[in-house]
Structure formats: C-alpha cells, structure tokens
Amino acid sequence: MKFTVLYGTESGNSELIAEDLGAKLRETNDQVEVHDLQDFDPNAITPDALYLVVCSTHGEGDLPNTAIPFVEAFDAALPDLTGVRYAMFGLGATFSEDTSS
C-alpha cells in the first residue's frame, strides 16, 4: 500500500511527527512519501494511496502558515475525493490561566 504523509506546521512539531511516522512506515513499506502541505497540490490526491495528515494549530486554533496555500488551492479546485482514504491528526495547545484565586 502506498502512504502519503502530509504535514502543516508553524513551529516544526508536526513536521517532526510526520517524518517519524514516515520513517516507521518505511520499516515495512517502500512506498512512503512525506510532504509539507505547502508543497503538495490537492489535485495530486488520488485513491491509490492512504493519506495521513498531521497538522498543528497556532494562536486561537488558526491554520499554520504552511497549510494555508494547500487549503486555498483545495477550496479553489475542490478535487474529487471519491475513494480517497485518509486519517487526520491534529496538534494544538490550550493555555488557561486561573484568575479566580
């Protein structure tokens, strides 16, 4: 099975996870590609691969800068996703300051 790991990152954490995931998959499969979302054309998505998307957020849940070109191209073209298999992994952080004390 062909795997395509895509990542969107602001600080590099999603890239590290995507690269580790790609390396682990390559232990048993030689058909593994890892791409930054900003370098991947949404029209290249086909049913012949399993897509694993690792994407972080920043600020108040905003897309990372590297994912914006992909999302804009995706929205503009709306590729046919019939039969496409994928899994998505999100990374984010929430900070809460308790001021009730």
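Each remark here, short or long, concerns the structure printed above.
In this convention, every chain numbers its residues from 1, walking through the sequence in written order. Per-residue local features of the predicted model are confined to residues with pLDDT of at least 70, and side-chain atom pairs are confined, for both listing and counting, to 80 or more; whole-chain, interface and lining totals are unaffected and use all residues. Computation of side-chain values: all heavy atoms of the structure, hydrogens and water removed.

### Details of the overall build of the protein chain
Looking only at helices and strands, one finds two helices and four strands in the protein chain. Along the protein chain, from the amino end to the carboxyl end, the secondary structure elements read β-α-β-β-α-β. Each principal axis of the C-alpha atoms in the protein chain carries an extent, and together these give about 55 × 35 × 20 Å. Burial classes follow relative accessibility: with a 1.4 Å probe on protein chains only, a residue under 20% of its type's maximum area counts as buried, one over 50% as exposed, and anything between as partly exposed. The 101 residues of the protein chain split such that 34% are buried. A separation of at least 24 residues holds for 80% of the contacts in the protein chain among residues at least 6 apart in sequence. Note that accessible areas follow from Shrake-Rupley with a 1.4 Å probe, and for residues the cover is restricted to the protein chains shown. Accessible area of the protein chain: about 6,500 Å², with a carbon and sulfur share of 52%. Working definition: helices are DSSP H or I runs of at least four residues, strands are E runs of at least two. Numbering for both runs from the N terminus. Note on contacts: a residue pair qualifies if any of its non-hydrogen atoms lie within 4.5 Å across the two residues.

### Considerations on the side chain of Ser-56
Mapped onto the elements of the fold, Ser-56 is located in strand 3 (residues 49-56). If we ignore the near neighbours within four places in the chain, the residues touching Ser-56 are Gly-8, Thr-9, Glu-10, Ser-14, Asp-62, Pro-64 and Leu-91.

### Here we look at the sheet that holds strand 4 (residues 85-91)
Each strand in a sheet pairs with its neighbour through backbone hydrogen bonds, running either in the same direction (parallel) or in the opposite one (antiparallel). Should DSSP find at least two bridges between two strands, the strands are regarded as paired. The strand order across the open sheet formed by four strands is 2-1-3-4, and the pairing between neighbours is parallel. Two strands close off the open sheet at either side, each with one partner strand: strand 2 (32-36) and strand 4. Going across the sheet, the axis of each strand differs from the next one's by a mean of 15 degrees, ignoring polarity. Across seven bridges, the pairing between strand 3 and strand 4 is parallel. Residue pairing in the sheet places Tyr-51 in a bridge with Tyr-86 of strand 4. For helices, the fitted line uses only the C-alpha atoms of the stretch in contact; every axis is such a line through C-alpha atoms, and the angle between N-to-C directions lies from 0 to 180 degrees.

### Re unusual backbone geometry
With phi around 40 degrees, Leu-78 is a residue other than glycine that occupies positive phi space. Inspection of the secondary structure puts Leu-78 in the loop between helix 2 (68-77) and strand 4.

### Overview of the pattern of salt bridges
A pair is scored as a salt bridge if a Lys or Arg side-chain nitrogen falls within 4 Å of a carboxyl oxygen belonging to Asp or Glu. Tallied over the entire structure, the rule returns one salt bridge. The salt bridge involving Lys-24 is made with Glu-27; its shortest N-O contact spans 3.3 Å. The pair Lys-24 / Glu-27 is uniform in exposure class, with both members exposed.

Any link to function would need more than the numbers given here.
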